[in-house]
Amino acid sequence: MSKQLLLFASLTLLVFSSCTEEITPTPYEYTKVFTGENSKTWKLKFIEYTLDGAVEETFNLSCASDDQYIFYAGSERAYKAITGAKKCSSDESDVINDAWSFNNASATLTMVLPFFTESGLPFIVREAKKKKLEIEIFLDEENSSSYRIHFESTDEN
């Protein structure tokens with residue numbers, strides 16, 4: 001039995017020593033879709049209300065149509081929501097400085113959307129591309145109704 005173990009160890013050593021190319025993994029930095037290299041600005045395109053996964057209504061939120069959402073790269077993950085001249089409520093702040101976070105395991109992007117609340121909410125990322133971002137937040141414990149929020153990028157640094 002020790003001869004078989006010695007033969008197996010020798011073959012294993014031979015196989016691994018014959019590989020000369022070193023494989024260096026390069027992880028994809030998914031968060032750069034949100035931030036670009038330094039910062040990226042997004043604007044709201046439209047919102048969908050869903051019920052049991054089907055889109056029930058699509059609407060534009062005119063009071064947020066001139067808002068800008070800026071994600072900054074870097075370890076501090078700074079975030080700025082700039083509300084435009086159109087306000088969704090009379091007490092809405094002009095600028096909200098906060099931080100954003102992303103959990104890759106659950107595809108959850110936590111960010112502030114002033115037309116919902118001025119504190120961070122966890123949104124599920126449904127699609128994230130260079131010019132398009134779609135996030136979703138469920139409105140009930142059964143996950144039967146939700147808002148799907150669609151953004152387009154307007155500026156990248």
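Whatever comes next refers back to the structure up there.
On a predicted model such as this, the values are computed, not experimentally measured, just so you know.

Draft legend 1. Structural view of the pairing of strand S10 (residues 145–156). Taken together, the 11 bridges between strand S1 (residues 39–51) and S10 define a ladder with antiparallel strand orientation. In the sheet register, Lys43 faces S10, and the bridge partner there is Glu152. Pairing between strand S9 (residues 132–138) and S10: 7 bridges, direction antiparallel. In the sheet register, Ile137 faces S10, and the bridge partner there is Tyr147. Counted along the chain from S9 to the antiparallel partner S10, the turn is 6 residues long, and its residue Asn143 has a positive phi close to 55 degrees.

Draft legend 2. Representation of the nonpolar core in the model. Core analysis: the largest hydrophobic core is formed by 26 residues, its most contacted members being Tyr69, Leu109, Leu113, Ile135 and Phe151. Counting only elements with at least two residues in this core, the list comes to helix H2 (32–35), S1, strand S3 (68–72), strand S4 (78–82), strand S7 (108–113), strand S8 (117–128), S9 and S10. In terms of residue count, S7 provides more of this core than any other element does, 4 residues in total. Excluding residues within four positions of it along the chain, Leu109 makes contact with Phe34, Phe71, Trp100, Ser101, Phe102, Leu121, Pro122, Phe123, Val125, Leu133 and Ile135.

Draft legend 3. The arrangement of the environment of Asp52 in detail. Take Asp52: it is sitting in the loop between S1 and strand S2 (54–59). With relative accessibility at 64%, the residue Asp52 sits in the exposed group. Here the alpha-carbon distance between Asp52 and Ser144, two residues 92 residues apart in the chain, equals 4.6 Å.

Draft legend 4. Region of the structure containing the pattern of salt bridges. As enumerated under the stated definition, the model contains 10 salt bridges in all. A salt bridge links Asp94 to Lys87; its shortest N-O distance comes to 2.7 Å. Residue Lys87 is classed as partly exposed on the basis of its relative accessible area, which comes to 29%. A salt bridge links Glu134 to Arg126; its shortest N-O distance comes to 2.9 Å. Looking at Glu134, the relative accessible area reads 9%, which means it is buried. Overlapping salt bridges, with partners in common, bring together Arg126, Glu134, Glu136 and Arg148 in one network.

Draft legend 5. Region of interest: the packing of aromatic side chains. What the rule picks out here adds up to 11 aromatic pairs. Between the aromatic rings of Phe116 and Tyr147, the centroid separation amounts to 5.8 Å while the plane-to-plane angle is 45 degrees, which identifies the pairing as tilted. A residue pair is termed long-range when its members are at least 10 positions apart, and Phe116 in the loop between S7 and S8 and Tyr147 in strand S10 qualify at 31 residues. Members of the aromatic cluster, joined through ring pairs, are Tyr49, Phe59, Phe115, Phe116, Phe123 and Tyr147.

Draft legend 6. Just unusual backbone geometry, in detail. The backbone of Asp52 shows a phi angle near 50 degrees, a positive value even though the residue is not glycine. Positive phi, normally seen in glycine, also occurs at Ala107, with a value near 55 degrees. We classify Ala107 as partly exposed; its relative accessible area is 23%.

Here is what the cut-offs are and how they apply
Residues numbered from 1 in each chain as written. Predicted model: local features only at pLDDT ≥ 70, side-chain atom pairs only at ≥ 80, totals over all residues. Heavy atoms only, no water. Pairing = 2+ DSSP bridges. Helix = DSSP H or I, 4+ residues; strand = E, 2+ residues; numbered from the N terminus. Core = buried A, V, L, I, M, F, W, Y, C linked by side-chain atoms within 4.5 Å. Buried < 20%, exposed > 50% of the residue type's maximum accessible area, 1.4 Å probe, protein only. Contact = heavy atoms within 4.5 Å. Salt bridge = Lys/Arg side-chain N within 4 Å of Asp/Glu carboxyl O. Phe/Tyr/Trp six-rings, centres within 6.5 Å; stacked < 30°, edge-to-face > 60°.

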